[in-house]
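# A closer look at the structure
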Amino acid sequence: MFRIRRIYDYVLPINQEAISRVQDILRAQFSTLSEKDIAKLPEQLRNPLKFRFRSILYVADDQRGRVKGFALLLHEPELRFAYLEYISAAAKMTGRGIGGALYERLREEAFELDAVGLFFECLPDDPALCNDPETRRQNRARLRFYEKYGARPIAGTAYEAPVEPGGDSPPYLVFDDLGQGRPLPRETATAIVRAILERKYAHLCPEPYIDMVVDSFRDDPVRLREFRYLRPEAVAPVRRQIPVDRRIPLVVNDRHDIHHVKERGYVEAPVRIDSILREIEPTGLFETVPIRHFSEKHIRAVHEDQFVDYLKAVCALCQSEEAIYPYVFPIRNHARRPRERAVRAGYYSIDTFTPLTANVFLAAKRAVDCTLTATRHMLAGHRLAYALVRPPGHHAESRVFGGFCYFNAAAVAAHYLTAFGRVAVLDIDYHHGNGTQEIFYQRADVLTVSIHGHPRFAYPYFNGFRDEKGAGAGAGFNLNLPGPEELDGAGYRQLLQKALRRLRRFRPDFLVLSLGLDTAMGDPTGSWSLLAEDFTENGRLIGRLRLPTLVVQEGGYDTRVLGSNARHFFTGLWTGAFGSD
Ligand SMILES: [Zn+2]
């Protein structure tokens, strides 16, 4: 078994490992390559401008990360073409469908990049160009394979003229129109051929040779060789569905509905999850994955032990329908913890409307497990992952709960990710993410940014002001962007652009996104008026950060539009993350 996935960066350990395995394959399978060419691969992925092509690396690996094959695609956005530089299975891995799966994935990639087609070189099957019968046999098998996709050598040009007279086995230039059925105009082809020869083979091809080859393109449109091995009808149609490696792993809290406060007006209700699921599942963007169990120590890494112990113990003591509402608060004597458990609730909370029940601990712990599961999927190479959970978490501070929140799942994930790189948290819930702010307030390794209704009129009232910028080592690493009471999509975007500028400056390796959809028009807990198309655009802008992004569900309470807004947001996020612009 293997999966195909794109390697986006050189940051994740799993990706660094994959790149060195790819280098091993290059060494073993391409004996003419110099060590210098092999060594430049990470730089090629990191710094596209230097090489005048954007390099896109795909690997086929198994669940343990063992690389079984790879392909490297070069993309030229101005001339709009893709060039397949390498495609290879590891030694002893040929004939297992790895090459075919990689090639199909690259075709989809090239198609999504809006390329006129995919070009690559292939050694000749013509006895006049290739002397050795065994080599010719291998070349025939390759050209036959590509014919399945309609890809054939460009005919009637001097591309395969040897640079040195009498040179053996000069390659054909093969063209795959990606099933688009569009002829390739001569002018487009000559610009592309010149780019390929000048940028890739300048060290081998002198200028007069390049001119000669380019001038030899006379047919308009360019002519491909006749099918030699297959009938034209046998050409495979292009698949048009979202490739597996770009689906968003979705982790849904399956125990969320054990937490159901039936009090009138308690809008944080189980129906929220169903209304989101119903809308996002048919998009095909998501792949539901099972929840893994994680140790409590991850929660205790951001919440105080005493607080976690209290929540656990008090929930265990609650009767099934009992709900403890905090009602007295330690304003004067914080050092003395009240003994009585209901009174003590106020010691650990910030408001009177978030109750403790028999199931709060279990549901909140499960939401953290879901979030860490999604985090693990992101660390395994997925660009986007979504923890669709409730209860939400961003109001939970290191030692208090409130605002429908108990454990701060986004903060747990952000802290977890600091072991792997720099983390930014962007909180786009209508309400200030006071919990996340407080947890990371003195830390410089996690940047926290929140866009929210001004605390002058919006919960949590005591936090979220512009002048809260972090303290100690964390000074300058908290940004609050409070907005006015009335705000539409355009106004919101101005705040979002500020947030994105700060995020870019921080250069994070990961983004944790606290996704609240209570900024929507008509939300019972908010005052802003974002519409479906605003969520699409906000998603797109965030996706354009091109960061591995973990999305954690926070608020959003108007269940008539909640699901649709989530769908719009994720469609935008996906387009921003994977689109070609
Ligand atoms: Zn909210």
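Look up: the structure comes first, before these words.
Here the structure is a predicted model, which means the values were calculated and not measured. (Residues numbered from 1 in each chain as written. Predicted model: local features only at pLDDT ≥ 70, side-chain atom pairs only at ≥ 80, totals over all residues. Heavy atoms only, no water.)

### Structural notes on the overall build of the chain
On a plain count of helices and strands, the chain comes out with 18 helices and 17 strands. Dimensions along the principal axes, computed over C-alpha positions, put the chain at roughly 95 × 45 × 45 Å. Here the chain holds 581 residues, and 56% of them are scored as buried. Considering only contacts within the chain whose residues lie at least 6 apart along the sequence, 75% involve residues at least 24 apart. When the accessible area of the chain is evaluated, it comes to approximately 25,100 Å², of which 51% is carbon and sulfur surface. When the 78 positive and 73 negative side-chain charges of the chain are each reduced to one mean point, those points stand 4 Å apart. (Helix = DSSP H or I, 4+ residues; strand = E, 2+ residues; numbered from the N terminus. Buried < 20%, exposed > 50% of the residue type's maximum accessible area, 1.4 Å probe, protein only. Contact = heavy atoms within 4.5 Å. Areas by Shrake-Rupley, 256 points an atom, 1.4 Å probe, with all protein chains shown as cover. Lys, Arg positive; Asp, Glu negative; His and termini not counted. Charge placed at Lys NZ, Arg CZ, Asp CG, Glu CD.)

### Considerations on the coordination of the zinc ion
Looking at the zinc ion, one finds its protein donor set to be Asp 429 (OD), His 431 (ND1) and Asp 518 (OD), positioned 1.9 to 2.1 Å from the metal centre. Each donor residue of the zinc ion belongs to the same chain, with the gaps between them written as D-x1-H-x86-D. Of the two residues, His 431 is situated in the loop between strand 13 (423-427) and helix 15 (434-440) and Asp 518 in the loop between strand 16 (510-515) and helix 17 (532-543); the sequence distance between them amounts to 87 residues. Given a relative accessible area of 8%, His 431 falls into the buried group. In this structure Asp 518 comes out as buried when scored by relative accessible area, which is 0%. (Donors = N, O, S within 2.8 Å, 3.2 Å for Na, K, Ca; no water.)

### Digging into the pattern of salt bridges
Summed over the entire model, instances satisfying the criterion amount to 43 salt bridges. Across the pair Asp 37 and Lys 40 runs a salt bridge whose closest N-O atoms are separated by 3.6 Å. The closest approach of N and O atoms between Arg 225 and Asp 125, which form a salt bridge, is 2.9 Å. Of this pair, Arg 225 sits in the loop between helix 8 (207-215) and strand 8 (248-252) while Asp 125 sits in the loop between strand 5 (118-122) and helix 6 (133-147); the two residues are 100 residues apart in sequence, bridging distant segments of the chain. One exposure class covers both Arg 225 and Asp 125, and it is buried. (Salt bridge = Lys/Arg side-chain N within 4 Å of Asp/Glu carboxyl O.)

### Topic: the environment of Pro 249
Residue placement: Pro 249 occurs in strand 8. As a C-alpha pair, Pro 249 and Tyr 10 span 239 residues in sequence and 22 Å in three-dimensional space. Apart from residues lying up to four places away in sequence, Pro 249 is in contact with Glu 287, Val 289, His 377, His 382, Leu 384, Ala 385 and Tyr 386.

### Details of the layout of surface pockets
Counted as a void, the second largest pocket has a volume near 1,000 Å³. For the lining of the second largest pocket, the leading source of residues is helix 3 (residues 41-46), giving 4 residues. Looking at the lining of the second largest pocket, its residues break down into 17 nonpolar, 3 polar and 11 charged. (1 Å grid on protein atoms, 1.4 Å probe; cavity = no way out; pocket = protein on both sides within 12 Å on 5 of 7 lines; lining within 4 Å. Points joined across faces, edges and corners; volume = space filled by probe spheres on them. Nonpolar A, V, L, I, M, F, W, Y, C, P; charged D, E, K, R; others polar.)

### Some thoughts on the pairing of strand 7 (residues 172-176)
By the criterion of burial, strand 7 is predominantly enclosed, with 5 of the 5 residues buried. Direction of pairing for strand 5 relative to strand 7: antiparallel, over a ladder of 5 bridges. Bridging from a neighbouring strand, Phe 120 pairs with Val 174 of strand 7. Summarising the sheet, strand 6 (residues 152-153) and strand 7 pair through 2 bridges and their orientation is antiparallel. Residue pairing across strands places Arg 152 opposite Phe 175, the latter belonging to strand 7. (Pairing = 2+ DSSP bridges.)

### Describing the sheet that holds strand 17 (residues 549-553)
A sheet is described by the order of its strands in space; here 8 strands give the open sequence 9-8-12-17-16-13-14-15, paired in parallel fashion. With partners counted over all chains shown, the strands left at the sheet margins are strand 9 (286-288) and strand 15 (478-483), one partner each. Recorded for the sheet is a direction-independent mean angle of 20 degrees between the axes of neighbouring strands. Taken strand by strand, helix 9 (residues 271-280) contacts strand 8, strand 9, strand 12 (384-388) and strand 17, and its axis lies near 145 degrees from that of strand 12. Across the sheet, helix 14 (residues 409-417) is in contact with strand 13, strand 14 (446-453), strand 16 and strand 17; its angle to strand 16 comes to roughly 180 degrees. (Axes fitted to C-alpha atoms, helices over the stretch in contact; angles between N-to-C directions.)

### What to know about the sheet that holds strand 7
One open sheet accounts for 7 strands, arranged 1-2-3-4-5-7-6; its pairing is mixed. Among the strands making up the open sheet, the edge pair consists of strand 1 (3-7) and strand 6. Across the sheet, helix 6 lies against strand 4 (81-89), strand 5, strand 6 and strand 7, angled at about 165 degrees from strand 5, the strand it touches most.

### Things to note about the nonpolar core
In this structure, Leu 311, Leu 356, Tyr 406, Phe 407, Val 512 and Leu 550 are the most contacted members of the largest nonpolar core, which totals 55 residues. Among the elements that line this core, the one with the most residues is helix 13 (residues 360-379), at 10 residues. For Leu 311, the contacting residues outside a window of four places in its chain are Leu 356, Phe 361, Phe 401, Tyr 406 and Phe 407. Tyr 8, Phe 286, Leu 388 and Trp 528 belong to the second largest nonpolar core, which has 52 residues in total. (Core = buried A, V, L, I, M, F, W, Y, C linked by side-chain atoms within 4.5 Å.)

### Digging into the packing of helix 7 (residues 186-200) against helix 8
For any two helices packed against each other, the geometry is given by the interaxial angle and the distance between the axes. Following both chains from N to C, one finds helix 7 and helix 8 inclined at 155 degrees, their axes separated by 10 Å at the closest point. Between helix 7 and helix 8, the angle is such that the two are roughly antiparallel. Helix-helix and strand crossings are classified by hand; for helix 7 and helix 8 the assignment is right-handed. From helix 7, Thr 190, Val 193, Arg 194, Leu 197 and Glu 198 reach across to helix 8, where they touch Glu 207, Ile 210, Asp 211, Val 213 and Val 214. Of the residues in the contact of helix 7 with helix 8, the class split is 5 nonpolar, 1 polar and 4 charged. (Parallel < 35°, antiparallel > 145°, perpendicular 65-115°, else oblique. Left-handed = near helix turned anticlockwise from the far one by under 90°.)

### Considerations on helix 7
Here helix 7 contains 15 residues, and its C-alpha end-to-end distance of 21 Å stays within 8% of the 21 Å for a straight helix at 1.5 Å per residue. Check the buried side of helix 7 and you find it contacts strand 3 (67-76), strand 4, strand 5, strand 7 and helix 8. (Expected span 1.5 Å × (residues − 1).)

### Remarks on the environment of Arg 376
Relative to the elements of secondary structure, Arg 376 occurs in helix 13. According to the relative accessible area criterion, Arg 376 is partly exposed, its value standing at 30%. Those residues in contact with Arg 376, other than ones at most four positions away along the chain, are Arg 292, Phe 294, Tyr 416 and Phe 420.

Such coordinate-based values are descriptive only and should not be taken to indicate function.
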